[in-house]
Amino acid sequence: MNFFKTMKITVLISSLFLILSVYYISKTDLKYGLEFSGGTELVVGFEGDLELENFRKRLSSLNIGKITVQSYDEEDYIIKIPVNEKESFDNNQIKNAISLLLDKYYSGVNPSIKQIDYIGPKVGQELVNNGLLAILYGSIAILIYVFIRFNFGFAFAAISALFHDFIIALFFIAFFEIEITLSTIAAILTVIGYSVNDTIVIFDRVRENLKMVKESPSEIINTSIKQTLSRTILTVVTVLIVLLPLFFYGGPQIEDFSLIMIIGVAIGTYSSIFFAPYIMFLISKGKLTKNVE
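Residues take numbers from 1 onward in each chain, read along the sequence in its written order. With pLDDT at 70 or above as the cut-off, local features in this predicted model cover only qualifying residues; side-chain atom pairs require 80 or more to be listed or tallied, and sums for whole chains, interfaces and linings still use all residues. For the side-chain quantities, the full set of heavy atoms in the structure was used; hydrogens and water were omitted.

1. Brief notes about the overall build of the protein chain
Step number 1: Secondary structure counts use DSSP, requiring at least four H or I residues in a row for a helix and at least two E residues in a row for a strand, with both numbered from the N terminus. Tallying secondary structure elements over the protein chain gives 10 helices and 4 strands in all.
Step number 2: In summary, the protein chain has a C-alpha radius of gyration of 24 Å against a globular reference of 19 Å for 293 residues, an excess of more than 25%.
Step number 3: Across its three principal directions, the C-alpha atoms of the protein chain cover 85 × 35 × 30 Å.
Step number 4: Relative accessible area decides the class of each residue, using a 1.4 Å probe on protein chains only: under 20% of the type maximum gives buried, over 50% gives exposed, and in between gives partly exposed. Out of the 293 residues in the protein chain, the part that is buried amounts to 42%.
Step number 5: In this analysis, two residues are considered to be in contact whenever any of their non-hydrogen atoms come within 4.5 Å of each other. Long-range pairs, those at least 24 residues apart, make up 78% of the contacts in the protein chain with a sequence separation of at least 6. The globule rule used for comparison is 2.2 Å times the number of residues to the exponent 0.38, while the radius of gyration itself is calculated over C-alpha atoms.

Right, here's the structure in full:
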């Protein structure tokens, strides 16, 4: 297979998809977890079956904010109450209101509040800023590292692939309505690191082949991808062997993290092979040709 010949098409498709992704993200309200939006989170346990829809309706009748309820495991549920901008409720008010409701309607299944956490909106905003700064500083560090090790064309291509992966991953987060939490940010940063590592492996082989092989730049890029393909496939398979069981059997706590990682690995592998090398070729074409000559 000639990977280089397909890159004009794949880069065009990626560019169009990036535009679509940016448009979709700008028109969509991202779901922020309580870590970022601020609010109260309770873990409530029951010793028996619970009619979840009925439980949601009764909690909504408390008028203490927009409440969401998610299954945590077989007998536990997470209740999330974002900060109410119109009316503020402290932790004790929320805990007392829910405790009274549990005693009134669910005393037969021995309800218990196992955990309660509160995050203020100011802390949430700080976490948003810190998450964005982590991505920005990571990108700058990668740019500096690749620039020192290779040259500007390689560095620009690596950073282009990084933002390609980040924006498309964010599109899928918005599309699947995945809640943005600290674990989501961790998954995105991990995916970025994975993608850049894969890209650098290919770039390193391109640099070596430029010194040893007298072929055109396009042929050298194609040869380099083929030489590293087995390593890329083995890495992807190994990572998926871990991620797929986590996604299907790890429970709701890490389901979103695993899904983002699976999507990110697929996007990162694609960009390392079909996106970054062609961007590098376009930026460094003249320099690559001189090296061959």
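Next comes the rest of the description.
2. Section: the confidence of the model for the protein chain
Step number 1: A score from 0 to 100, pLDDT tells how confident the predictor is in each residue. Mean pLDDT over the protein chain stands at 84; residues scoring 70 or higher make up 94%.
Step number 2: When pLDDT is averaged over each helix and strand of the protein chain, the minimum, 74, is found for helix H10 (residues 276-292) and the maximum, 93, for helix H1 (residues 3-27).

3. Digging into the environment of Ser-15
Step number 1: Here Ser-15 lies in helix H1.
Step number 2: Accessibility expressed as a relative area gives 31% for Ser-15, which makes it partly exposed.
Step number 3: For the pair formed by Ser-15 and His-164, sequence separation is 149 residues and the distance between their alpha carbons is 8.7 Å.

4. Regarding helix H8 (residues 217-249)
Three or four residues apart is the spacing at which side chains of an α-helix point the same way, because the helix has 3.6 residues per turn.
Step number 1: Its 33 residues give H8 an end-to-end C-alpha distance of 46 Å, which sits within 8% of 48 Å, the value for a rise of 1.5 Å per residue.
Step number 2: Note that the bend at a residue is defined as the angle between axes fitted to the seven residues ending at it and the seven residues starting at it. Remark: the principal bend of H8, roughly 45 degrees, maps to Thr-228.
Step number 3: Turning to H8, its buried residues are Pro-217, Ile-220, Ile-221, Asn-222, Ser-224, Ile-225, Thr-228, Thr-232, Val-236 and Leu-243.
Step number 4: Following H8 by one or two positions, Gly-251 adopts a phi angle in the positive range, close to 90 degrees. Helix span, as expected, comes to 1.5 Å for every residue beyond the first.

5. Focus: the packing of H1 against H8
Step number 1: Where H1 meets H8, the axes come as close as 8 Å, and the angle between the chain directions of the two elements is 100 degrees. On the basis of the axis angle, H1 is roughly perpendicular to H8. On H8, the residues touching Phe-3, Phe-4 and Met-7 of H1 are Ser-218, Ile-221, Asn-222, Ile-225, Lys-226 and Leu-229.
Step number 2: When its residues are assigned to classes, the contact of H1 with H8 shows 6 nonpolar, 2 polar and 1 charged. Only the stretch in contact is used when a helix axis is fitted, and all axes are lines through C-alpha atoms; the angle between N-to-C directions ranges over 0 to 180 degrees. An angle below 35 degrees is read as roughly parallel, one above 145 as roughly antiparallel, one from 65 to 115 as roughly perpendicular, and any other as oblique. Residues are grouped as follows: nonpolar covers Ala, Val, Leu, Ile, Met, Phe, Trp, Tyr, Cys and Pro; charged covers Asp, Glu, Lys and Arg; every other residue, Gly included, is treated as polar.

6. Focus: the nonpolar core
Step number 1: Buried residues of nine kinds, namely Ala, Val, Leu, Ile, Met, Phe, Trp, Tyr and Cys, make up a nonpolar core once their side-chain atoms join them within 4.5 Å. Residues Val-146, Ile-192, Phe-203, Val-206 and Ile-221 are the most contacted members of the largest nonpolar core, which totals 55 residues.
Step number 2: Secondary structure elements with two or more residues in this core: H1, helix H5 (121-149), helix H6 (152-175), helix H7 (182-212), H8, helix H9 (252-274) and H10.
Step number 3: If we skip the residues at most four places from it in the chain, Ile-192 touches Ile-135, Ile-142, Leu-162 and Phe-166.
Step number 4: One finds Leu-42, Val-44, Leu-50 and Ile-81 within the second-largest nonpolar core, a separate group that totals 18 residues.

7. Describing the pairing of strand E2 (residues 68-71)
Step number 1: A pair of strands is labelled paired if DSSP reports no fewer than 2 bridges between them. As paired strands, E2 and strand E3 (residues 76-82) are joined by 4 bridges and run antiparallel to one another. Its bridge partner being in E3, Gln-70 is matched across the sheet by Ile-78.
Step number 2: Hairpin remark: E2 followed by E3, antiparallel, with 4 residues in the connecting loop.

8. Re the side chain of Ser-21
Step number 1: By secondary structure assignment, the location of Ser-21 is in helix H1.
Step number 2: By relative accessible area, Ser-21 is classed as buried at 0%.
Step number 3: Residues within four places of Ser-21 in sequence aside, it is in contact with Ile-167, Ile-168 and Phe-171.

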